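Overview (structure and organization)
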Amino acid sequence: MKGVSTSRTIIPLLRRIRRLDVSEYWIAITGAAIIVIVSFMAILAPVIAPYDPIEPVGGSLEPPNTRFLLGTDNIGRDILSRIIYGSRISLSIAFLASIFSMIIGASLGLLSGYIGGVFDTTLALIMDSMYAFPSIILAIAIAYVLGPGILNVTISIGIVYIPVYFRMIRSEVLSVKESLYVEAARAIGASDRVILLKYILPNVTASLPVVFSLNATDAILTEAALSFLGLGLPAPTPDWGFDLRNGYHFITAGYWWTVTFPGLMIIITALGFSLFSEGLNEILNPRLREV
Amino acid sequence: MSLLNINELKVYYFTKRGVVRAVDGVSLSISRGEVLGLVGESGSGKSTLGISLLGLIPPPGRIVGGSIVFDGVELTKLSDDEFAKIRGKRISMIFQDPMTSLNPLMKIGDHLMETIMVHENVSKNEARERSIKALEEVGIPPERFNDYPHQFSGGMRQRVMIALAILLNPDLIIADEPTTALDVIVQAQIIDLLNNLRKRHNMSILLISHDIGVVSEIADKIAVMYAGHLVEMADANKILGDPLHPYTSALLRAVPLIESKSEKLCYIPGSPPDLVKPPRGCRFHPRCPYAKDICRTREPRTVNIKDHIVKCWMYCDAYE
Amino acid sequence: MPMNRTIISTTNLTKYFPVQRGFLERVISRKLEYIRAVDGVDLEIREEETLALVGETGCGKTTTGRLLVRLLEPTGGDILFRGKRITHVKGEELRKLRRHLQIIFQDPYASLNPRMKIGDAIGHPLEIHDIAKGKEKRQMVLEMLEKVGLTPAERYYELYPHQLSGGERQRVAISRAMILKPDFIVADEPISMIDVSLRAKILELMADLKKEFHVTYLFITHDLATAKYVSDRIAVMYLGKIVELATTDELFSNPLHPYVKALISAIPRPGPKVKRERLLLKGEIPSPINPPSGCRLHPRCPFKMQICSKEEPKLLEKERGHYVACHLY
């Protein structure tokens, strides 16, 4: 992550963790556990998935049984295998989109906050307008323009969240810019570039990890939504959102397993990220406690 | 006759880092109409002592031992409701920063009137009259009755705070660094004002400050605190002219004086102690030029040499 | 050492700050108001002296300090460093100038980058000005740490500001300012946020380093007693102007300006209580946006005369080396 190096963030973080007790970190641990499990699912997919997710391997719309633990969809594909492989798509898109947003949003926020003036006002106006759009609608619009495909979906989700990082970093930069140690840096003759990189950047990245995981949460949900609406990845790529949509048609006829399991995966994964970001926030910015 | 009697008061903060022994067995007393100056540096415990007299210790701190007897009433045993009757009326407080201590949305006149009406059953007109009188006493013209705090300068705001503090004719005022945020000339004005007020109303003042100069301008008695302990207390003249405790003398030598004939300014080597793990024995011993073996192992007894109280092994007749 | 050579001088140094106004105000009223922080200051600072700049809130001493090290650009007047005009230098030329003009700030907690190791912070000026890098830089920083008493130096090199006490942090700030061996240092209230019992240590350190590196100090403080202890000459400011300037001994043995007399008498004195007559000014310092006409002290001055509200007194040399701006003289 930008600006985060071992000595600056991880070590103080570890020190803080050592001094914690359970009541403080159970949220983060639960979230982290979920993320880790789903990640392993994604990494080990070829090993743990019982069947090929794309090929029909069973009868159409078979209910959960001993051969297909979560049942099959209308084409006869094993839902469990599709879900396991689906985690690859969801997680990689969520991570990549969030990293994309962060790098672009944070850099722009840094520059804009420091340079100020007309440049800053204009950029902030643009970002605020983007931010004002409901993220789903913006994602849909961009995805529509760019077309399907993993890269395009990543970009469209990524673009939507740039304003979030921009606003956050920019406001931190605005306040750090006025601090005495920045003035001191100017006094010893540091150039603008050096001040930006060594004095301002390391002091504004504190809330990045929390926002990052919040973004990942949103990215998962948005990706699922885009696929649900048919703007995401092309069939037959195993994708939770796509399967959700697919199964949607059959739910009224009583074939509940086609919808439930993809839906559960989306919820659980998003929850994992959400808990982790909430828990991380508690650890890094603890509220005052009464004894 | 003692108005306030603090006996072996202990106030600890229970933090995650450990137990901070902010006030660790302090005893002192204030008589009616007397000004006691409480001097100490950061971490001495003086501010904690001040707020404990009003029951305003913030969590995670609380009183763990000792007693505070105010005009016969044991303050440590009072409920919050009972304390509310005393706060502002019989004991009031002036804080350090006048900028943030006043409600910015309230006209100062209203603030004063409300203070009176909360404690006493009087008509609005009477409250208003008394408020205007209080403002005049502190040197604020009545035309400013309806002004907001931001319309006053720092010194004027502090005068408003003082007006609030004397409004109900308290017996005791606790002033915690009342002039630290003010300019030198205004500081002198405020100190003179406090002195006049206490003479006129026969009020006692506990004046807390790190600045021994400010304190010595109006204090009758001076008490010196270090790391949660009371290390010396006596008549102001005696402490300033003939201090007994090594910390007090060192502190006096660390302050530049206008009159001195370029004496060398001294500093105290070392640094203030960690109140979670204070030094064994006498808490000052790591920085004391006279430290002996016993100072490093046993906490000194407090002795009273003709009304001059000092907590130091040099003055204990028998070391055992 | 040529002690009388002037190292920094200012002529009619002025700095006005525009008053921030809300959007509506700006649209409605055309008139711009200014905070006249520094309003025509003439100074001559001699090589290797310590000149104290004393005053209360709003007098302009802090702004003056920042102007002299060009952290601010003057609105008017001139600043000369060793005879060369530095009033409006910019860019690379300004950065190179920083080698010679340094500043120590009041707040040791806020003037250090919380994310930078102490060693890196002190050594950063060396890197910036291409004086030393890597091992050589580290060696110079370690030597500096030893000099200021932060030992073991290797250990302190690796620490972060939040792991140090206030006094230690200020010593780091001093090291950072000194490592370039600058000619001139502005010390802006360097001890007012340090515990009383530790202030003398910082002052002693500053004095030792001054002797060793042959530095000139502008010592800014609101405390006349401290100014007396550290300085060779004292300049007293009020509302953006210098009202009196003299050698330290002379200022205290023979103060001329009513404001200076009031300041001296207002200082609280620890010592057995003696009945003193205080010369107090009434009221408080007016706003620097609309300073009083003529002599700025006239609304509060016990010696006010007719001319005081009409004409501004000039800073004139009354006795050798003793300047005062007052119509009484």
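Summary of the structure given here. (Residues numbered from 1 in each chain as written. Chains lettered and ligands numbered in written order. Predicted model: local features only at pLDDT ≥ 70, side-chain atom pairs only at ≥ 80, totals over all residues. Heavy atoms only, no water.)

**Points about the interface of chain C and chain B**
Taken together, the 39 residues of chain C in the interface contact 43 residues of chain B. Counting across the chain C and chain B interface gives zero salt bridges. If you list the elements that add at least two residues to the side of chain C that touches chain B, you get α8 (196-213), α9 (224-230) and α11 (258-266) of chain C. Here the side of chain C that touches chain B is built from residues that sort into 19 nonpolar, six polar and 14 charged. (Contact = heavy atoms within 4.5 Å. Salt bridge = Lys/Arg side-chain N within 4 Å of Asp/Glu carboxyl O. Helix = DSSP H or I, 4+ residues; strand = E, 2+ residues; numbered from the N terminus. Nonpolar A, V, L, I, M, F, W, Y, C, P; charged D, E, K, R; others polar.)

**Let's talk about the side chain of Lys 137 of chain C**
Residue and element names in this part refer to chain C. In this fold, Lys 137 is placed in helix α5 (residues 134-147). Residue classification places Lys 137 among the buried residues on the basis of a relative accessible area of 7%. A distance of 2.8 Å separates the side chain of Lys 137 from the side chain of Glu 127, its partner in a polar contact. Lys 137 has contacts with Asp 120, Gly 123, Leu 126, Glu 127, Ala 132 and Tyr 157, leaving out every residue within four places of it along the chain. (Buried < 20%, exposed > 50% of the residue type's maximum accessible area, 1.4 Å probe, protein only. Polar contact = N/O pair within 3.5 Å; in protein donor to acceptor, adjacent residues only side chain to side chain.)

**Some remarks on the pairing of strand β9 (residues 221-226) of chain B**
Each regular strand shows side chains that alternate between the opposite faces of the sheet. Residues and elements named next belong to chain B. Buried residues dominate β9, accounting for six of its six residues. Residues Lys 221, Ala 223 and Met 225 line one face of β9 and the alternating positions Ile 222, Val 224 and Tyr 226 line the opposite face, and both faces are buried. Relative to strand β10 (residues 229-235), β9 runs antiparallel, the two being bridged by six bridges. By the bridge assignment for β10, Tyr 226 is matched with His 229. (Pairing = 2+ DSSP bridges.)

**Structural notes on the sheet that holds strand β8 (residues 216-221) of chain C**
Residues and elements named next belong to chain C. Taken together, eight strands build an open sheet; the order of strands is β6-β7-β8-β3-β9-β10-β12-β11 and the sheet is mixed. Two strands in the sheet have a free side with no partner beyond their single neighbour: β6 (101-104) and β11 (316-319). Going across the sheet, the axis of each strand differs from the next one's by a mean of 25°, ignoring polarity. Running over the sheet, helix α7 (residues 166-178) touches β6, β7 (184-188) and β8 and is turned about 175° from β6. (Axes fitted to C-alpha atoms, helices over the stretch in contact; angles between N-to-C directions.)

**Details of unusual backbone geometry**
What is expected of a backbone is that most residues other than glycine have negative phi and most peptide bonds are trans. For the peptide bond that leads from Pro 59 of chain B to Pro 60 of chain B, omega is 10°, which places it in the cis range. Structurally, the position occupied by Pro 60 of chain B is in the loop between α1 (46-52) and β4 (61-70). The linkage connecting Thr 151 of chain C with the following residue, Pro 152 of chain C, adopts the cis geometry, with an omega of 0°. Inspection of the secondary structure assignment puts Pro 152 of chain C in the loop between α5 and α6 (153-157). In this structure, Leu 61 of chain A is a non-glycine residue whose phi angle is positive, near 50°. Note on placement: Leu 61 of chain A falls in the loop between α3 (45-48) and α4 (79-115).

**Brief notes about the sheet that holds β10 of chain B**
All names here are of chain B. With respect to topology, eight strands assemble into an open sheet ordered β6-β7-β8-β3-β9-β10-β12-β11, the strand pairing being mixed. Each of the sheet's edge strands pairs with one partner strand only, and the pair in question is β6 (91-94) and β11 (302-305). For this sheet, the mean angle separating the axes of adjacent strands, direction not counted, is 20°. Judged from the two bridges that link them, β10 and strand β12 (residues 308-311) form a sheet pairing that is antiparallel. Bridging from a neighbouring strand, Met 233 pairs with Ile 309 of β12. Together, β3 (35-39), β9 and β10 form the strand contacts of helix α10 (residues 246-253), whose direction differs from that of β9 by roughly 100°.

**Quick look at the pattern of salt bridges**
By the definition in use, this model includes 42 salt bridges over all chains. Among the ionic pairs, Lys 89 of chain B bridges to Glu 120 of chain B, the shortest N-O distance being 3.3 Å. Remark: Glu 120 of chain B occurs in the loop between α4 (108-119) and α5 (124-137) and Lys 89 of chain B occurs in the loop between α2 (80-86) and β6; sequence separation between them is 31 residues. Given a relative accessible area of 27%, Lys 89 of chain B falls into the partly exposed group. The partner of Asp 39 of chain C in a salt bridge is Arg 296 of chain C, with the nearest N and O atoms 2.5 Å apart. Note that Asp 39 of chain C is positioned in strand β2 (residues 34-46) and Arg 296 of chain C in the loop between α11 and β11, a separation of 257 residues in sequence. On the accessibility criterion, Asp 39 of chain C (10% relative accessible area) is buried. Exposure remark for Arg 296 of chain C: the relative accessible area of 8% places this residue in the buried category.

**As for the packing of helix α6 (residues 135-146) of chain A against helix α10 (residues 208-228) of chain A**
Residues and elements named next belong to chain A. Orientation of α6 relative to α10, taken along the N-to-C sense of each, is 55°, at an axis distance of 10 Å. By the criterion of interaxial angle, the relationship of α6 to α10 is oblique. Here the hand of the crossing between α6 and α10 comes out right-handed. Along its contact with α6, which presents Ile 136, Ala 139, Ile 140 and Ala 143, the element α10 presents Thr 222, Ala 225 and Leu 226. Split into classes, the residues belonging to the contact of α6 with α10 amount to six nonpolar, one polar and no charged. (Parallel < 35°, antiparallel > 145°, perpendicular 65-115°, else oblique. Left-handed = near helix turned anticlockwise from the far one by under 90°.)

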